[in-house]
Amino acid sequence: MFNPSRLNVYFICGTQDIPEGKDIREIVKHALNAGITLFQFREKGPTSLDGADKENLAIELLNLCHEYHVPFIVNDDVDLAEKINADGIHVGQDDENVKSFAKRFENKIIGLSIGNEEEYNQSDLDHVDYIGVGPMFATISKNDASAPVGPAMIATLKKINSSLPMVAIGGITEDNIEPIAQNGADGVSVISAIARSHNIDKTVTKMQSYFK
């Protein structure tokens, strides 16, 4: 059974998100030390790794996460997630349909991005453990992000299904979490707020404080 508290501080990151001169392994390790509750490996974009380089980095980060007993999720790449025995997979509305790979991920975590009521209603949630709702605010981390839906979308979807764990995503910083928590989110998922933080310990601690 998936524990919604795993979503409290959900760090999403790939090499394309790391400031120049920094190493993703060090940033992920620092974030794990600081107390992130879930990690998603999202390697996408023109500068991202592929093939063996991507797989080898994924294995390194998977092992690192397991040292801290934090689940390791792969974004979109079902074959990679299965090959390295990741703890789960997260897909978007335009990625592979959950039903097509659900049997391969029994007893694993499956997450799905949902932006609004229409997407919720057309999504097959039978095998989904949590949904990522957003974007909450405008974001610089994803070039293909939709228009912001705002924290109220969490409350809207919680009214439809109060038992489904929901994590907010998109444009979230340590300074705009309060309305997200007030609208019933189980946590926040962030990229640059941690990857580019000048004080990862302080950032993660502050984020965690909203979901105690």
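The preceding data block contains the structure.
Residues numbered from 1 in each chain as written. Predicted model: local features only at pLDDT ≥ 70, side-chain atom pairs only at ≥ 80, totals over all residues. Heavy atoms only, no water.

1. Considering helix α9 (residues 200–209)
Line of reasoning, step 1. Every buried residue belonging to α9 is among I200, T203, V204, M207 and Q208, and all of these are buried. What you see down the axis of α9 is that its buried residues fit within an arc of 130°, all on one side.
Line of reasoning, step 2. Where the residues of α9 are buried, they touch β1 (9–13), α1 (24–34), β8 (187–190) and α8 (192–195). (Buried < 20%, exposed > 50% of the residue type's maximum accessible area, 1.4 Å probe, protein only. Helix = DSSP H or I, 4+ residues; strand = E, 2+ residues; numbered from the N terminus. Arc of directions from axis to C-beta. Contact = heavy atoms within 4.5 Å.)

2. Some points on helix α2 (residues 51–67)
Line of reasoning, step 1. For α2, which comprises 17 residues, the first-to-last C-alpha distance of 25 Å matches the rise-based estimate of 24 Å (1.5 Å per residue) to within 8%.
Line of reasoning, step 2. The complete set of buried residues in α2 reads K54, E55, L57, A58, L61, L62, L64 and C65.
Line of reasoning, step 3. Phi turns positive one or two residues past the end of α2, at H69, with a value near 60°. (Expected span 1.5 Å × (residues − 1).)

3. What about the pattern of salt bridges?
Line of reasoning, step 1. Tallied over the entire structure, the rule returns 11 salt bridges.
Line of reasoning, step 2. The shortest N-O distance in the salt bridge between K54 and D77 comes to 3.0 Å. In this pair, K54 sits in helix α2 while D77 sits in the loop between β3 (72–75) and α3 (78–83), placing the two residues 23 residues apart along the sequence.
Line of reasoning, step 3. What makes K54 buried here is its relative accessible area of 13%.
Line of reasoning, step 4. When its relative accessible area of 23% is taken as the criterion, D77 is described as partly exposed.
Line of reasoning, step 5. Within this structure, D23, R25 and E60 form a network of salt bridges that share partners. (Salt bridge = Lys/Arg side-chain N within 4 Å of Asp/Glu carboxyl O.)

4. Re the environment of H69
Line of reasoning, step 1. Considering the arrangement of structural elements, one finds H69 in the loop between α2 and β3.
Line of reasoning, step 2. Remark: the alpha-carbon pair of H69 and P148, spanning 79 residues in sequence, is separated by 33 Å.

5. Quick word on the packing of aromatic side chains
Line of reasoning, step 1. What the rule picks out here adds up to 6 aromatic pairs.
Line of reasoning, step 2. Taking the centre distance of 6.1 Å and the plane angle of 25° together, the rings of F41 and F72 count as stacked. Of this pair, F41 sits in strand β2 (residues 38–41) while F72 sits in strand β3, and the two are 31 residues apart along the sequence. With respect to burial, F41 and F72 carry one shared label: buried.
Line of reasoning, step 3. Among the aromatic side chains, those forming a connected cluster through ring pairs are F11, F39, F41 and F72. (Phe/Tyr/Trp six-rings, centres within 6.5 Å; stacked < 30°, edge-to-face > 60°.)

6. Remarks on the nonpolar core
Line of reasoning, step 1. Of all hydrophobic cores here, the largest spans 61 residues; its most connected members are F11, F39 and F72.
Line of reasoning, step 2. With residues up to four places along the chain from it excluded, the contact list for F72 reads F39, F41, A58, L61, L62, C65, I84, A86, D87 and G88.
Line of reasoning, step 3. Counting 10 residues, the second-largest nonpolar core is a separate cluster that includes Y10, L38, I109 and Y130. (Core = buried A, V, L, I, M, F, W, Y, C linked by side-chain atoms within 4.5 Å.)

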